[in-house]
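In case you want the letters, here they are:
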Amino acid sequence: IFEWDLQEHHVKQRFLGATAERFVPRSCYGGFSNMFVTGTRENGSVLIWHRDSSSPVKMLVGHKEPVTSVAWSPSGAGLLASASDDKTVCIWGSL
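In this report, the structure presented in the accompanying data block is examined.

Thresholds, definitions, all that
- Residues numbered from 1 in each chain as written.
- Predicted model: local features only at pLDDT ≥ 70, side-chain atom pairs only at ≥ 80, totals over all residues.
- Heavy atoms only, no water.
- Pairing = 2+ DSSP bridges.
- Helix = DSSP H or I, 4+ residues; strand = E, 2+ residues; numbered from the N terminus.
- Axes fitted to C-alpha atoms, helices over the stretch in contact; angles between N-to-C directions.
- Salt bridge = Lys/Arg side-chain N within 4 Å of Asp/Glu carboxyl O.
- Buried < 20%, exposed > 50% of the residue type's maximum accessible area, 1.4 Å probe, protein only.
- Core = buried A, V, L, I, M, F, W, Y, C linked by side-chain atoms within 4.5 Å.

**Description of the sheet that holds strand E9 (residues 89-92)**
Read across the sheet, three strands follow the order E7-E8-E9 without closing on themselves; strand pairing throughout is antiparallel. The two strands at the open ends of the sheet, each matched to only one other strand, are strand E7 (67-72) and E9. The mean angle between the axes of side-by-side strands here comes to 15°, regardless of whether they run parallel or antiparallel.

**Details of the pattern of salt bridges**
Opposite charge on two side chains lets them pair, provided their charged atoms get close. In total, this model carries one salt bridge according to the counting rule given. One salt bridge connects Arg51 with Glu3, and the closest N-O pair in it is separated by 2.9 Å. With a gap of 48 residues between them, Arg51 in the loop between strand E5 (45-50) and strand E6 (58-61) and Glu3 in strand E1 (residues 2-5) connect regions that are remote in the sequence. With relative accessibility at 8%, the residue Glu3 sits in the buried group.

**A short note on unusual backbone geometry**
In this structure, His9 is a non-glycine residue whose phi angle is positive, near 60°. Positionally, His9 belongs in the loop between E1 and strand E2 (10-14). A relative accessible area of 66% means that His9 is categorised as exposed. Despite not being glycine, Asn34 shows a phi value in the positive range, around 55°. Exposure remark for Asn34: the relative accessible area of 40% places this residue in the partly exposed category.

**Let's talk about the environment of Pro66**
Within the element layout of this structure, Pro66 appears in the loop between E6 and E7. The class of Pro66 is buried, set by a relative accessible area of 3%. In this structure, the C-alpha to C-alpha distance between Pro66 and Glu21, residues 45 residues apart in sequence, is 11 Å.

**Here we look at the nonpolar core**
Formed by Cys28, Val46, Ile48, Leu60, Val67, Val70, Trp72, Leu80, Cys90 and Trp92, the largest nonpolar core amounts to ten residues. Sorting the residues of this core by element identifies E5, E7 and E9 as the ones contributing at least two each. Ranked by the residues each element gives to this core, the list is headed by E7, at three residues. Counting six residues, the second-largest nonpolar core is a separate cluster that includes Ile1, Phe15, Ala18 and Leu47.

It is worth stressing that arrangement in space is one thing and function is another; only the former is reported here.
What follows is the structure, given as structure tokens:
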């Protein structure tokens, strides 16, 4: 997953570990002050990075099929939802 600087036209940050062969990894900003980035994986896990780090700080495991969507709660409470091809939604708290 890449964070692009659209004004300067270059890659600002690369987040390692989000791999995909069949699907495009989904990602979004969130958490406290939007300082975290999430990314989906085909193995059923979700990775979380701090915006200033290229290595994941946490891996969430709970799905049996590829994760196809992630979204942070707009309340800023550190809640994250992930949806998977296994027809489940996981709500992750205290992130």
